[in-house]
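# Structural characterization, general
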Amino acid sequence: QVQLVESGGGLVQAGGSLRVSCAASGRIVSITQMGWYRQAPGKQRELVAVTTSDGITNYSDSVKGRFTISRDGAKNTVDLQMNSLKLEDTAVYFCNAVLSTSTTNPLTVYWGQGTQVTVSS
């Protein structure tokens, strides 16, 4: 069974930095993309950043210039370096992966359980 496990969340002061990581494990043949989404209380889950297997990255306008996503294709991991954190960055951050577990299986979307990131003043 494929699992996505996040780590690195926590409490940080506004203006500070935090790095969250995600590791995918299980029977994985290939990963098309990995990324990060977040959900704040009372709000919908939103895209933060994604990176594809061919090197394309996409960031939410609200985090451009502050966050950096990186992926190690060989290790099936993805990291999100968050700098200049703001109060509005407070949310549960979810790891996401689009992957295949077989050469004949269709691509499937997987989600991690989420890690809390809290930014304080």
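Relevant structure appears above.
Thresholds, definitions, all that
- Residue positions are given per chain, counted from 1 along the sequence in the order it is written.
- For a predicted model such as this one, the threshold for reporting local features is a pLDDT of at least 70, and the threshold for listing and counting side-chain atom pairs is 80 or more; totals across whole chains, interfaces and linings nevertheless cover every residue.
- Hydrogens and water molecules were not included; the side-chain quantities draw on all heavy atoms of the structure.
- The helix and strand labels rest on DSSP assignments: H or I over at least four residues marks a helix, E over at least two residues marks a strand, and numbering proceeds from the N terminus.
- Note that the radius of gyration is over C-alpha atoms, with the globule rule given as 2.2 Å times the number of residues to the power 0.38.
- Throughout, a residue-residue contact means that at least one pair of heavy atoms, one from each residue, lies within 4.5 Å.
- The Shrake-Rupley method, run with a 1.4 Å probe sphere, supplies the accessible areas, and residue values consider only the shown protein chains as cover.
- Neither His nor the chain termini are counted; the positive set is Lys and Arg, and the negative set is Asp and Glu.
- Every charge is mapped onto a representative atom, which is NZ of Lys, CZ of Arg, CG of Asp or CD of Glu.
- Two strands form a pair only when DSSP identifies at least two bridges running between them.
- Each axis is a line fitted through C-alpha atoms, taken for helices only over the stretch in contact, and angles between the N-to-C directions span 0 to 180 degrees.
- Under the scheme applied here, a residue whose accessible area is under 20% of the maximum for its type counts as buried, over 50% as exposed, and between as partly exposed, the area being computed with a 1.4 Å probe on protein chains only.
- Any pair of Phe, Tyr and Trp rings, taking the six-membered ring for Trp, is counted once the centres come within 6.5 Å. Such a pair is stacked with planes under 30 degrees apart, edge-to-face with planes over 60 apart, and tilted for the rest.
- Our definition puts a charge over a ring when NZ of Lys or CZ of Arg is within 6 Å of the ring centre and also within 35 degrees of the ring normal.

Here the focus is the overall build of the protein. Helix and strand counts for the protein come out as 0 helices and 11 strands. Reading the secondary structure of the protein in the N-to-C direction produces β-β-β-β-β-β-β-β-β-β-β. Relative to the 2.2 N^0.38 estimate, which gives 14 Å for 121 residues, the radius of gyration of the protein is 14 Å and therefore close to what a compact globule would have. In terms of overall dimensions, the protein has C-alpha extents of about 50 × 25 × 25 Å along its principal axes. Contacts in the protein between residues at least 24 apart in sequence constitute 56% of all its contacts with a sequence separation of at least 6. When the accessible surface of the protein is totalled, it reaches about 6,400 Å², and 47% of it is carbon and sulfur. Within the protein, the 8 negative side-chain charges are centred at a point lying 2 Å from the centre of the 10 positive side-chain charges.

The next thing to look at is the sheet that holds strand E7 (residues 67-72). The 4 strands are arranged E1-E3-E8-E7 in an open sheet whose pairing can be described as antiparallel. Single-partner strands in this sheet number two, and they are strand E1 (3-7) and E7. Taking each pair of neighbouring strands and ignoring which way they run, the sheet shows an average axis angle of 15°. Note that E7 and strand E8 (residues 77-82) share 6 bridges and pair antiparallel. Residue Ile69 lies in a different strand from E8, and its bridge partner there is Leu80.

Attention now moves to the pairing of strand E9 (residues 91-100). Counting buried positions along E9 yields 9 of 10 residues, so the element is predominantly enclosed. Pairing analysis gives 9 bridges linking strand E4 (residues 30-39) to E9, with the strands arranged antiparallel. Note on E9: the bridge partner recorded for Trp36 is Cys95. With 3 bridges joining them, E9 and strand E11 (residues 115-120) adopt antiparallel strand pairing. Within E11, the position partnered with Ala91 by the bridge is Val117.

Moving on, we get to the pairing of E11. Every second residue of E11 is oriented toward a common face, the buried set being Thr115, Val117 and Val119 and the non-buried set Gln116, Thr118 and Ser120. In terms of strand pairing, strand E2 (residues 10-13) meets E11 through 4 bridges, oriented parallel. Across the sheet, the residue bridging to Gln13 is Ser120, located in E11.

All told, the structure shown has 1 aromatic pair when counted by the stated rule. Each ring, one from Tyr37 and one from Trp111, has its centre 5.0 Å from the other, and the planes form 70°; the classification is edge-to-face. Of this pair, Tyr37 sits in strand E4 while Trp111 sits in strand E10 (residues 108-111), and the two are 74 residues apart along the sequence. The aromatic ring of Phe94 is capped on one face by Arg45, whose charged end is 3.7 Å from the ring centroid. Its end group placed over the ring of Trp111, Arg45 keeps NZ or CZ at 4.6 Å from the ring centre.

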